[in-house]
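Read off the chains here:
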Amino acid sequence: MDQQTPQPADAGNLVCSRCGKVAEGAPLTWTCSVENGARRYFCDSCARENLRAIEGRLDSPWW
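The rules behind the values
Residues numbered from 1 in each chain as written. Predicted model: local features only at pLDDT ≥ 70, side-chain atom pairs only at ≥ 80, totals over all residues. Heavy atoms only, no water. Helix = DSSP H or I, 4+ residues; strand = E, 2+ residues; numbered from the N terminus. Buried < 20%, exposed > 50% of the residue type's maximum accessible area, 1.4 Å probe, protein only. Contact = heavy atoms within 4.5 Å. Areas by Shrake-Rupley, 256 points an atom, 1.4 Å probe, with all protein chains shown as cover. Salt bridge = Lys/Arg side-chain N within 4 Å of Asp/Glu carboxyl O.

Engineer: Which parts of the structure should I look at to understand the overall build of the protein chain?
Structural biologist: The helix and strand tally for the protein chain stands at 2 helices and 4 strands. Mapped from its N terminus to its C terminus, the protein chain presents α and β elements in the order β-β-β-β-α-α. Sorting the 63 residues of the protein chain into buried and exposed places 32% on the buried side. Expressed as a percentage of contacts within the protein chain between residues at least 6 apart in sequence, the contacts between residues at least 24 apart total 26%. Summed over its atoms, the accessible surface of the protein chain is roughly 4500 Å², and 48% of this surface lies on carbon and sulfur atoms.

Now the structure itself:
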């Protein structure tokens, strides 16, 4: 799957860096990862699907 831009869509909205899903505000179920100095946000679905890679601290391009 293509990597999305890890920045908020607009003020207060986050975009999943994996699937592009947009959330209003900062949802508690999303995961934040810092990769090469940049913050990346992942929705609960993408985080759940790739939990082992996240816990293994693999950068998102690997999963």
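Having seen it, we continue.
Engineer: Looking at this structure, I do not really get the environment of leucine 14. What am I missing?
Structural biologist: Mapped onto the elements, leucine 14 comes out in strand β1 (residues 13-15). The class for leucine 14 is buried, based on a relative accessible area of 11%. As a C-alpha pair, leucine 14 and tryptophan 30 span 16 residues in sequence and 9.5 Å in three-dimensional space.

Engineer: Any chance you could explain the pattern of salt bridges here in plain terms?
Structural biologist: As a working rule, side chains carrying opposite charge can pair if their charged atoms are close by. Summed over all chains, the structure comprises 1 salt bridge. Note that arginine 40 is salt-bridged to glutamate 35, the shortest N-O span being 3.2 Å.

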